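A structural walkthrough
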There are 2 protein chains.
Amino acid sequence: MSTDVAAPETPAQSVWKHRGDAPVSDETIRLIDTYWRAANYLSVGQIYLLDNPLLRTPLTVDDIKPRLLGHWGTTPGLNFLYAHMNRAIQERDLNTIYIIGPGHGGPGLVASAFLDGTYSEVYSDIDENEDGIRRLFKQFSFPGGIPSHVAPETPGSIHEGGELGYALSHAYGAAFDNPDLLVMAVVGDGEAETGPLATSWHSNKWLDPVQDGVVLPILHLNGYKIANPTVLDRIPQDELLALFRGYGYHPYLVEGGFDGEDHAVVHRRYAAVLDNVLNEIAEIKASAAAGTLEGRAVWPMIILRTPKGWTCPPIIDGQQVENTWRAHQVPLANARDTEAHTKLLESWLKSYKPEELFDEDGKPVADAVAIAPSGDRRMSANPIANGGLVRHALRLRDWRDFGVDVPSPGATSNEATRVLGEWLATVIADNPTNFRIFGPDETASNRLAPPVYETTDKQFAGEIRPIDEHIARVGRVMEVLSEHQCEGWLEGYLLTGRHGLFTSYEAFIHIVDSMFNQHAKWLKVTREIPWRRPISSLNYLLSSHVWRQDHNGFSHQDPGFIDHVVNKSADVVRVYLPFDANTLLSTYDHCLRSVNYVNVVVAGKQPQPNLLNVDQAVAHMTRGLGIFEWAGREVPGESPDVVLAAAGDIPTLEVLAASEILQKNIPDLKIRVVNVVDLMKLQDESEHPHGLSDRDYDAIFTRDKPVIFAYHGYPWLIHRLTYRRTGHSQLHVRGYKEEGTTTTPFDMVMRNDLDRYHLVIDVLDRVPGLGERYATLRQDMTDARLNARLFAYSKGEDIPEVANWSWHGSQSIGTGDTGGDNE
Amino acid sequence: MSTDVAAPETPAQSVWKHRGDAPVSDETIRLIDTYWRAANYLSVGQIYLLDNPLLRTPLTVDDIKPRLLGHWGTTPGLNFLYAHMNRAIQERDLNTIYIIGPGHGGPGLVASAFLDGTYSEVYSDIDENEDGIRRLFKQFSFPGGIPSHVAPETPGSIHEGGELGYALSHAYGAAFDNPDLLVMAVVGDGEAETGPLATSWHSNKWLDPVQDGVVLPILHLNGYKIANPTVLDRIPQDELLALFRGYGYHPYLVEGGFDGEDHAVVHRRYAAVLDNVLNEIAEIKASAAAGTLEGRAVWPMIILRTPKGWTCPPIIDGQQVENTWRAHQVPLANARDTEAHTKLLESWLKSYKPEELFDEDGKPVADAVAIAPSGDRRMSANPIANGGLVRHALRLRDWRDFGVDVPSPGATSNEATRVLGEWLATVIADNPTNFRIFGPDETASNRLAPPVYETTDKQFAGEIRPIDEHIARVGRVMEVLSEHQCEGWLEGYLLTGRHGLFTSYEAFIHIVDSMFNQHAKWLKVTREIPWRRPISSLNYLLSSHVWRQDHNGFSHQDPGFIDHVVNKSADVVRVYLPFDANTLLSTYDHCLRSVNYVNVVVAGKQPQPNLLNVDQAVAHMTRGLGIFEWAGREVPGESPDVVLAAAGDIPTLEVLAASEILQKNIPDLKIRVVNVVDLMKLQDESEHPHGLSDRDYDAIFTRDKPVIFAYHGYPWLIHRLTYRRTGHSQLHVRGYKEEGTTTTPFDMVMRNDLDRYHLVIDVLDRVPGLGERYATLRQDMTDARLNARLFAYSKGEDIPEVANWSWHGSQSIGTGDTGGDNE
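These numbers were taken from a predicted model, which means no experiment stands behind them. (Residues numbered from 1 in each chain as written. Chains lettered and ligands numbered in written order. Predicted model: local features only at pLDDT ≥ 70, side-chain atom pairs only at ≥ 80, totals over all residues. Heavy atoms only, no water.)

Let's talk about the overall build of chain A
- When helices and strands are counted, chain A shows 27 helices and 22 strands.
- Taking 28 Å as the expected radius of gyration for a compact globule of 823 residues, we find that chain A reaches 30 Å, a close match to that expectation.
- In terms of overall dimensions, chain A has C-alpha extents of about 95 × 65 × 45 Å along its principal axes.
- In chain A, which comprises 823 residues, the share counted as buried stands at 72%.
- Contacts in chain A between residues at least 24 apart in sequence constitute 79% of all its contacts with a sequence separation of at least 6.
- By element, 48% of the accessible surface of chain A is carried by carbon and sulfur atoms, the whole surface being about 23,400 Å².
- The positive charge centre, built from 74 side chains, and the negative charge centre, built from 110, are 2 Å apart in chain A. (Helix = DSSP H or I, 4+ residues; strand = E, 2+ residues; numbered from the N terminus. Rg over C-alpha atoms; globule rule 2.2 N^0.38 Å. Buried < 20%, exposed > 50% of the residue type's maximum accessible area, 1.4 Å probe, protein only. Contact = heavy atoms within 4.5 Å. Areas by Shrake-Rupley, 256 points an atom, 1.4 Å probe, with all protein chains shown as cover. Lys, Arg positive; Asp, Glu negative; His and termini not counted. Charge placed at Lys NZ, Arg CZ, Asp CG, Glu CD.)

Structural data, given as structure tokens:
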């Protein structure tokens, strides 16, 4: 073990080595401890010091930051784990990344990246000398500086630890299809109380020991949250171990550092356990490779119990601080208040013996970094943790070859998602190791499945029985009834350079609102970090949408994810509402090629008329919105009397039907029909890169004519996107207004005044004078609404006229389908 | 055991009885089975039958519904559990409610409510005769009818099973402070894969065996979801049992019904286990009452493994259906397609022997309902499950006695939440059994704690150590690091007639977006159900808000929960932005008195100037918004030149400062300062009950003058709320635009152009001609912004001018506080 052990500079196939039982040498233990002291020193320094970074002169108040921010409590434990894994990486040539659940221990990971040399490589203003350390300290949690958490700015991180709960989901997502990767995933015992984390332990029921990498979960049991003990620290040890056996792991419990226990003893204890664990992993990997592994692999995990805030002053102002919640943030918050407190901080810093750790210039001495690997083996420099570096674009066949025939609008009909499934099956076939589909038990229900399952299976590591269909040890479809797991796995997969999509219920995608927030923020920040390379976009496919909850009703109706998404940075978010098979294909082709976005695609799975052929779909998707001249009554050179606009599949059909009724009944009315497929087109060009210029917007929507806009979601969103437009006061939006129950699709649109009849009434009411001229038509429309509901309430089906709605009489919408939407 | 066993008509203190080891008699087993057959028959009938409800004539195609919707798979298991619990309730006089996690098994609970007689009591059109059964069948999942899930419409339910994951959180919430209540909580094995459910097993670490009731979790392991096996069904049995031991339960595994096993045998097996479990519960209750219980109670739970779709045709069209995912929804979806399929449905229905279950008129025979308890002991009629029936209004002291002195605006300053805490401490003291505070480890951080902890403790059933502070076996504060658990517990607590509030981080309340959706939908529906009585409002207190994430930065900044909430029914949602101690007190007084709302309150916890004294706060809160005449320059009888409006604590202070700068520098400018504390006031009166009339709106904001609106959250929301207002085109909103990192509060407002200097610039730019007249002032403002940032970046603190901002020089904002915001 020395610094001159050569480590490969590029990621290579690592061998999962069994090290044997030889104890770690005293010298190695000493080097581990030296690294740990250096990392701890650099961590404390970041929290407290504005100047005098190496304590070359006595510490004064002016050396201390005016506002002390950050979190010490978890940091020494993280540094401990990093130091020990460094030793193992060197010895076994492991290809390792870290995931830090307690990500508020940011100073620790920054410290290690500095010791690794990575920090100075990516940030040219942070040199490996005293001035560099001064800058490193000052920037931490400082205006204009770096966040206090493990963040996009932290080399080696793919996981912002701000919001808790997703460490293991991200870790497993990173491990899928990375057979030689070891993901060290630290789970804080606070985080362990969250729901997403509690279920993510079960991710081991999907990992394949041959095709996928390894996750080593380390539960860091330091006993306290911000103001409370943690639950897992306050249950009997037999329950604790039973819990992790029950989760299907082989748990190793290591405890140390309490009551001033000698650090070397704790190092030796942990090093031995880590060796056992890595040996066990090597054995599983070997037997899996040899085909001799029986049943599901029982992977090891570690429970590390150390004092919170380990190595800080045990008692401050008469109160116990180390090993209590008081060490959570800044243990010595009053370091500037009295000379005694300043002295205490100085002696704490000096307890790490900085004079042994840094040379004259302030560069870490050889001993301090001897344990660290070099090149790409450094956890802070592993290219997998900068996913864009290892990302390969997907091989995609021309979607137009999978498009459906549309001789005229509505002449054919399809389940759009099933057509998409045919194309996705080829994406899977052509990209067998870097593309996956994630979903909460809904791939079949969303009708991607028949074609997709001709190419692949659902991956599952649990017991598989003969009755099961399309379930196998390996497969490209990942299903678990947890939106959190789907999202977390996919994020981890994307952040390490791969591709995928997440299909889910529109209403229940709100379950991951907060995860989306964090990912969108991550993307926004990484766009501004030059060394972070673009990763594949996060793609949603929301197919069981608000208008078609026939099996489920009101509780399954919520189109507000779009509203949630558009609050995030315009650089990052895109929303698409394709309305038929070809527009859905085109949309997804675009999504799978794009990088650094979140693409939200809402598209029905029910049989619906196809409106555009392949060429028309290309043209329409390129513009993102456009006039359906065939569906309105345009008079060349003249402005329309009214604009009927739609976004979404059901609204588009209702608008077409309304236009047909209007054309039939009002011979002289100039009607423009507009469809918006890229919702961000509505926004001002100064607010969103996709936004239309005012001139283009006015050319389509007019500056002064009534616009009746039938929208898929909550109507207010359209106003929020268009409030700056000239013609906004003439815009009238119909959408979902929280009116619905278990009912037919047509009754749903009527309850929310989005049906064709009501759209006609809207036109009559908004075009000056029209309502009076066509009072009979208005009454007919009112009657039609009443009759349709009466019919539905007596028969339980849509009225035939409605069910057989067609564009020029050619096709039915088909509402009689009972196919599964959800449990 | 017979129908004439008298059960109490009102909920009384039940005794937790030990029944001894005597086996259940054959006659009782027969009656359980008879009830079960009746419930199953009524369930199948709901899914399939439009007519001929008792099969008095041969079944024809016309008797079958045209669209078959609903879920059979879980239903027979739910009916089985209901039947068996009925027996136990009668024998032990148990006070029991049910929570059905697999709530899509709606037909089962409707069937039992009908057999209980409850259904006919609350729905006068559903009599206990053939016509009543016909109506019962037809309405199910039918236009104008009832939802397919266990829903607000279902008597006895407090839990809509549409979105999965919250069964146990709701169950424990119901059990808190209900010492004699048994909550039978069925968890589906699909639901068990969700994150919220996975962590909610740990709720037993909070339940007190003396003060609280009992939750009996029953994991219904029927093996399949909509299209996949379930994880917990596919792990080895020793892992399964270890998992629940690890969760701290004593698990009982019961398996039966496979391969045509005799039903009586399964009944006998389950009845024996249920007796053991209830005996064990009685023993725990007895020892806890006697004070002899050592350590945390290890409560029993049941794992019931039965075939999915149990008792449906095992094979349909050559495919195995029973005990597979194919039984999830409608197993015989083609019942109308061929005569053979219709016959198969008929023979399935007849397998329950309806001729033995209903008399000539169609009323259930005595044997069919002998096992059911009567009166309030019926699970479908327990008043606790209609919380408004048992709700008592809180005893609230006059908040004005707790108000702070405000001799003039800004003359004093307080942490508003700490002042609220003083009052909440009295709420706790005066309402010791029906009010709780829930939070994810943040009660102290949100500064309610010092006063609150002088009155109560945090409840915890895990190990308590001497070092712990304010933690006890019983207490009114419930802390767990899971927003899902906090929300679920509180919902369960409110739905059973109690009161509470949930304090959390503003950004991370998005974690429960989807739970909020479900609760808001529940409230909306219950408002329309006459027999559902109003429950206490769900109150949020979001104190660590977007502008003050000094410890955490960008990942902790998201004010979008308000946007999410306002999409829900206006009848249900309320949003308040109090800006100082007295307005916060007044707001919470209102919230704790209100019913059937969701109240979102966003209010800072940092020291801030008090602006209104008690009387002024009353007046301002009564109006919900108003003009701060003291803060502007109003000329009586004249319209202002510009309106400076604010909603939120930080924006209000910035607006005050901007007004001060403008008054100092532009002597003749008529400035109106407006504060909006009830956000829904901005909306049109036709859209929200709180909405201002256009006349009132125009009187405050003018019809044509520039309005510069400084808003707490995403600026677009203000446009969405006001787009119909006459003066909307003159409205310019500043808010949070996803710009932030770890920085000082003042730098935060500058990054988002919400600072006083930028507001002054906005005024100069929007009031015609003003910018040219005051070009120097404009330049000064630009310079001030630059200087402030330069200062912050070099020193790490706000510039003194800013830190010491005051209204007429009297008080400081105080930004130097490092007190804990979060990990």
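Next comes the rest of the account.
Details of the pattern of salt bridges
- Applying the stated criterion across every chain, the model contains 113 salt bridges over all chains.
- Ionic pairing is found between K521 of chain B and E738 of chain A, a salt bridge with its closest N-O pair at 3.3 Å. Taken together, the residues K521 of chain B in helix 16 (residues 513-526) and E738 of chain A in the loop between strand 22 (731-734) and helix 23 (745-751) connect one chain to another. E738 of chain A carries the same exposure label as K521 of chain B, and that label is buried.
- Shared partners join several salt bridges into a network, and the residues in it are D233, R234, E255 and R305 of chain A together with E463, R465 and D468 of chain B. (Salt bridge = Lys/Arg side-chain N within 4 Å of Asp/Glu carboxyl O.)

Points about the nonpolar core
- One finds L679 and F701 of chain A together with L679 and F701 of chain B to be the most contacted residues of the largest nonpolar core, which totals 530 residues.
- What L679 of chain A contacts, discounting residues up to four positions off in sequence, is I562, V575, L577, A647, Y711, L717, I718 and L721 of chain A. (Core = buried A, V, L, I, M, F, W, Y, C linked by side-chain atoms within 4.5 Å.)

Looking at the interface of chain A and chain B
- With 135 residues of chain A in contact, the opposing surface of chain B contributes 136 residues.
- When chain A packs against chain B, the two sides together hide about 10,600 Å² of surface, and 55% of this comes from carbon and sulfur.
- Summed over the shared surface of chain A and chain B, the result is 16 salt bridges.
- At the junction of chain A with chain B, the criterion picks out 62 residue pairs in polar contact (both at pLDDT 80 or more).
- Elements supplying a minimum of two residues to the side of chain A that touches chain B: helix 7 (195-200), helix 8 (237-246), strand 7 (319-320), helix 16 (513-526), helix 17 (561-566), helix 22 (716-722), helix 23 and helix 26 (775-795) of chain A.
- Sorting elements by how many residues they give to the side of chain A that touches chain B places helix 16 of chain A first, with seven residues. (Buried area = accessible area lost by both parts, 1.4 Å probe. Polar contact = N/O pair within 3.5 Å; in protein donor to acceptor, adjacent residues only side chain to side chain.)

Quick notes on the side chain of E280 of chain A
All names here are of chain A.
- Here E280 shows up in helix 9 (residues 263-290).
- For E280, which is buried and forms no salt bridge, the nearest opposite charge comes from R245, at a distance of 10 Å.
- Here Y252 takes part through its side chain, which lies 2.2 Å from a polar atom of the side chain of E280.
- The contacts of E280, once residues within four sequence positions are left out, are H250, Y252, V298 and P300.

Points about the side chain of K65 of chain B
All names here are of chain B.
- Looking at the element boundaries, K65 is found in the loop between helix 1 (26-48) and helix 2 (75-92).
- For K65, which is buried and forms no salt bridge, the nearest opposite charge comes from D51, at a distance of 12 Å.
- Ignoring anything within four residues of it in the chain, the contact list for K65 reads Q46, I47, Y48, L49, L50, F137, K138, F140, F142 and R336.

So, the sheet that holds strand 18 (residues 625-627) of chain A
Residues and elements named next belong to chain A.
- On the basis of which strands lie adjacent, the open sheet formed by five strands has the order 18-20-19-21-22 and mixed pairing. Of all strands in the sheet, those with a lone pairing partner are strand 18 and strand 22, marking the two edges. Neighbour-to-neighbour, the strand axes of the sheet open up by a mean angle of 20°, direction not taken into account.
- Relative to strand 20 (residues 671-676), strand 19 (residues 642-647) runs parallel, the two being bridged by five bridges. Across the sheet, V642 pairs through a bridge with I671, a residue of strand 20. (Pairing = 2+ DSSP bridges. Axes fitted to C-alpha atoms, helices over the stretch in contact; angles between N-to-C directions.)

So, the packing of aromatic side chains
- Tallying each qualifying case throughout the model produces 63 aromatic pairs over all chains.
- On the basis of an interplanar angle of 90° and a centroid distance of 5.5 Å, the ring pair of F176 of chain B and W489 of chain B is categorised as edge-to-face. In this pair, F176 of chain B sits in the loop between helix 6 (167-175) and strand 2 (181-188) while W489 of chain B sits in helix 15 (residues 483-495), placing the two residues 313 residues apart along the sequence. The two residues F176 of chain B and W489 of chain B agree in class, both being buried.
- Aromatic ring contacts, followed pair by pair, group W201, F244, Y247 and Y249 of chain A together with W201, F244, Y247 and Y249 of chain B into a single cluster. (Phe/Tyr/Trp six-rings, centres within 6.5 Å; stacked < 30°, edge-to-face > 60°.)

Here's the deal with the state of the cysteines
Residue and element names in this part refer to chain B.
- Evaluation of the coordinates by the stated rule reveals zero disulfides over all chains.
- Sulfur of C591: no disulfide; nearest cysteine sulfur belongs to C486 and is 18 Å away.
- Taking the relative accessible area as the measure of exposure, C591 reaches 0% and is therefore buried. (Disulfide = S-S within 2.5 Å.)

Topic: the domain arrangement of chain A
Residues and elements named next belong to chain A.
- If you check the domain split of chain A, you get domain 1 (26-385), domain 2 (399-608) and domain 3 (626-739 + 745-797).
- With centres defined by C-alpha atoms, the gap from domain 1 to domain 2 works out at 35 Å.
- Opposite the 36 residues of domain 1 that make contact, domain 2 presents 32 residues.
- Taken over both partners, the interface formed by domain 1 and domain 2 buries close to 2,800 Å², and the fraction arising from carbon and sulfur atoms is 58%.
- Per-residue buried area on domain 1 facing domain 2 is highest for P152, D177 and W206; these three make up 25% of the total on that side. (Domains from an automatic or database assignment.)

Description of the relation of the copies chain A and chain B
- Laying chain A over chain B is done by rotating through 180° and shifting 0.0 Å along the axis; what remains is an RMSD of 0.0 Å. Both copies of the chain, as the preceding transformation shows, are related through a two-fold rotation axis. The rotation axis passes nearest to the C-alpha of G195 of chain A in chain A, at a distance of 2.0 Å.
- Of all interface residues in chain A, 100% are interface residues in chain B too; the two copies therefore contact each other through one and the same surface. (Least-squares fit on C-alpha atoms with pLDDT ≥ 70 in both.)

Side note on the sheet that holds strand 3 (residues 214-221) of chain A
All names here are of chain A.
- Ordered in space as 1-2-3-5-4, the five strands form an open sheet in which the pairing is parallel. Each end of this open sheet is capped by a strand with a single partner; those strands are strand 1 (95-100) and strand 4 (250-255). The average undirected angle you get between the axes of adjacent strands in this sheet is 20°.
- Looking at chain direction, strand 3 and strand 5 (residues 300-305) are connected through four bridges and run parallel. Across the sheet, residue H220 finds its bridge partner in strand 5, namely L304.
- Against the sheet, helix 2 (residues 75-92) contacts strand 1, strand 2 (181-188), strand 3 and strand 5, and its axis sits at roughly 165° relative to strand 2.

A closer look at the packing of helix 1 (residues 26-48) of chain A against helix 9 of chain A
Residue and element names in this part refer to chain A.
- The interhelical angle for the contact between helix 1 and helix 9, taken along N-to-C directions, is 110°, at an axis separation of 10 Å. Classified by the angle between their axes, helix 1 and helix 9 sit roughly perpendicular to one another. Residues D26, I29, I32, D33 and W36 of helix 1 pack against H263, A264, H267, R268 and A271 of helix 9.
- When grouped by side-chain class, the residues that make up the contact of helix 1 with helix 9 number five nonpolar, two polar and three charged. (Parallel < 35°, antiparallel > 145°, perpendicular 65-115°, else oblique. Nonpolar A, V, L, I, M, F, W, Y, C, P; charged D, E, K, R; others polar.)

Side note on the pairing of strand 14 (residues 538-544) of chain A
Residues and elements named next belong to chain A.
- Burial of strand 14 is extensive: seven of the seven residues sit out of reach of the surface.
- In this sheet, strand 14 lies alongside strand 13 (residues 499-505) in parallel orientation, the contact comprising five bridges. Looking at the pairing, L501 lines up with N539 of strand 14.
- Summarising the sheet, strand 14 and strand 16 (residues 598-602) pair through five bridges and their orientation is parallel.

A short note on the environment of R296 of chain B
- Mapped onto the fold, R296 of chain B is located in the loop between helix 9 (263-290) and strand 5 (300-305).
- Once the C-alpha coordinates of R296 of chain B and V365 of chain B are considered, the two residues, 69 residues apart in sequence, prove to be 46 Å apart.
- The residues contacting R296 of chain B, other than those within four sequence positions of it, are I235, P236 and E239 of chain A together with N204, K205, G248, A461 and G462 of chain B.
- Among the polar contacts made by the side chain of R296 of chain B, one reaches the side chain of E239 of chain A at a distance of 2.8 Å.
- Of the polar contacts made by the side chain of R296 of chain B, one reaches the backbone oxygen of G248 of chain B; its length is 3.3 Å.

Topic: unusual backbone geometry
All names here are of chain A.
- Of note, L55 is a non-glycine position whose phi angle comes to about 55°, a positive value.
- Relative to the assigned elements, L55 resides in the loop between helix 1 and helix 2.
- Here the phi dihedral of D93 falls at roughly 55°; this positive angle occurs in a residue that is not glycine.
- Here D93 lies in the loop between helix 2 and strand 1.

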